[in-house]
Amino acid sequence: MEAVPAVGFGSSDVSIYELSGAYSTFVNKGIWTAPMMVTRIEDKNGNVLREFTSQTREALSEETAYLMTHMLRGATEEQGGTSIILKGGFKFPYEIGAKTGTTSNYSDAWFMGLTPDLVCGTWVGGEDRSIHFRTGAYGQGSRLALPIYGLFMRKVYADKSIGINTGPFPKPTQPLSIEIDCSRYYNGAGARDTIPYEQKLNQVELDDLNEEDI
């Protein structure tokens, strides 16, 4: 990733591989872990020939990592959240953090989903960046990449042999230094909707999905 002032606006290209490593830092209490595709090699008799260990390093404090996870949950839990369909459409009752992403001209649609022990990323796009949708009605991350995650997680949660953690995200070992209950800042009022109306019109509906097409 290039160290330029515009990096905050998404000026550098990153892969699903890199994003998965970055987002796993939040659920790993601030510890970055390099993603691995092969953890060990065995021969035909099951003898382990070699094992591999991921590189790790502390990237964030435990509190900062938890606060990021808490904010990402807002996309699936708060009114107007760009990933609210995971709760309202797919009806997942579990805590999930989420982030949608859309590049210029709707050339790429991204989605990152977090649970306490699984980070998953999806991408929809073309190898040639001239391939893109004309409008955000179909070209944004919440309409293209998010549904793939939802269908995938539906199968993950249904497969009890996986044993995925359906509990809440673990809290830091030390008390938080800030208040994260927003209602306390608004005299007890509920969460305020800050999503533009035109963006809500483009959010995916569950009826739009056809599992056979994924």
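Cut-offs applied
Residues numbered from 1 in each chain as written. Predicted model: local features only at pLDDT ≥ 70, side-chain atom pairs only at ≥ 80, totals over all residues. Heavy atoms only, no water. Helix = DSSP H or I, 4+ residues; strand = E, 2+ residues; numbered from the N terminus. Buried < 20%, exposed > 50% of the residue type's maximum accessible area, 1.4 Å probe, protein only. Contact = heavy atoms within 4.5 Å. Areas by Shrake-Rupley, 256 points an atom, 1.4 Å probe, with all protein chains shown as cover. Core = buried A, V, L, I, M, F, W, Y, C linked by side-chain atoms within 4.5 Å. Pairing = 2+ DSSP bridges. Expected span 1.5 Å × (residues − 1). Axes fitted to C-alpha atoms, helices over the stretch in contact; angles between N-to-C directions. Polar contact = N/O pair within 3.5 Å; in protein donor to acceptor, adjacent residues only side chain to side chain. Phe/Tyr/Trp six-rings, centres within 6.5 Å; stacked < 30°, edge-to-face > 60°.

*Asks:* Would you explain the overall build of the protein in this entry?
*Replies:* Counting secondary structure elements, the protein contains 7 helices and 7 strands. For the protein, the sequential pattern of α-helices and β-strands runs α-β-β-β-β-α-α-β-β-β-α-α-α-α. Sorting the 214 residues of the protein into buried and exposed places 32% on the buried side. Excluding contacts between residues fewer than 6 apart, the proportion of contacts in the protein whose partners are at least 24 apart in sequence is 61%. As presented, the protein carries roughly 13,700 Å² of accessible surface, and 52% of it is formed by carbon and sulfur atoms.

*Asks:* Before we go on, may I ask you to explain the nonpolar core in this structure?
*Replies:* Inside soluble globular proteins, nonpolar side chains tend to come together where they are buried. With 19 residues, the main nonpolar core has L86, F92, F111, Y149 and M153 as its most contacted residues. Judged by nonpolar contacts, the second largest core, of 9 residues, contains L19, L72, M112 and F169.

*Asks:* Honestly, the pairing of strand β7 (residues 118-125) in this entry has me stumped. Any pointers?
*Replies:* Every regular strand shows the same layout, with side chains that alternate between the two sheet faces. Of the strand pairs in this sheet, strand β6 (residues 108-115) and β7 are connected by 8 bridges, and their pairing is antiparallel. For F111, the partnering residue across the bridge sits in β7 and is T122. Hairpin connection from β6 to β7: 2 residues lie between these consecutive antiparallel strands.

*Asks:* How should helix α2 (residues 62-77) be read in this particular structure?
*Replies:* In an α-helix, one turn spans 3.6 residues; hence positions three or four apart end up facing the same way. End to end, α2 covers 22 Å across 16 residues, agreeing with the expected 22 Å (1.5 Å per residue, within 8%). Of the positions making up α2, those classed as buried are A65, Y66, L67, T69, L72, R73, G74, A75 and T76.

*Asks:* Would you mind showing me how to read the sheet that holds β6 here?
*Replies:* Spatially, the 3 strands line up as an open sheet ordered β5-β6-β7, and their pairing is antiparallel. The open sheet has two edge strands with one neighbour each: β5 (97-102) and β7. Strand after strand, the sheet turns through a mean of 10° between neighbouring axes, direction not considered. Contacts from helix α1 (residues 16-27) reach β5, β6 and β7, with the element oriented near 30° to β6. Against the sheet, helix α6 (residues 146-158) contacts β5, β6 and β7, and its axis sits at roughly 145° relative to β7.

*Asks:* Whenever I open this one, unusual backbone geometry confuses me. Can you help?
*Replies:* Excluding glycine, a negative phi dihedral is what most residues carry, and trans is how most peptide bonds are arranged. Non-glycine residue K29 carries a positive phi angle of around 60°. If you trace the backbone, K29 turns up in the loop between α1 and β1 (31-33).

*Asks:* Got a minute to help me understand the pairing of β5 in this structure?
*Replies:* Note: β5 against β6, 6 bridges, orientation antiparallel. Bridge pairing in β6 places T100 opposite F111. Between β5 and β6, which follow one another and run antiparallel, lie 5 residues, and N105 among them has a positive phi close to 65°.

*Asks:* Would you take a moment to explain the side chain of S142 for this structure?
*Replies:* Take S142: it is sitting in helix α5 (residues 141-144). Within the structure, S142 has its side chain in polar contact with the side chain of Q140 (distance 2.9 Å).

*Asks:* When you look at the packing of aromatic side chains in this model, what are you seeing that I'm missing?
*Replies:* Aromatic rings considered in pairs are described by the distance between their centres and by the relative angle of their planes. For the structure shown, the criterion picks out 6 aromatic pairs. Between W110 and W123 the ring centres are 6.3 Å apart and the planes differ by 50°, which places this aromatic pair in the tilted class. Residue W110 is found in strand β6, and its partner W123 is found in strand β7; the two are separated by 13 residues along the sequence. Classification of W110 by relative accessible area gives buried; the value is 17%. Its relative accessible area of 33% is what places W123 among the partly exposed residues. Among the aromatic residues, those joined into a ring-pair cluster are F90, F92, Y94 and Y157.

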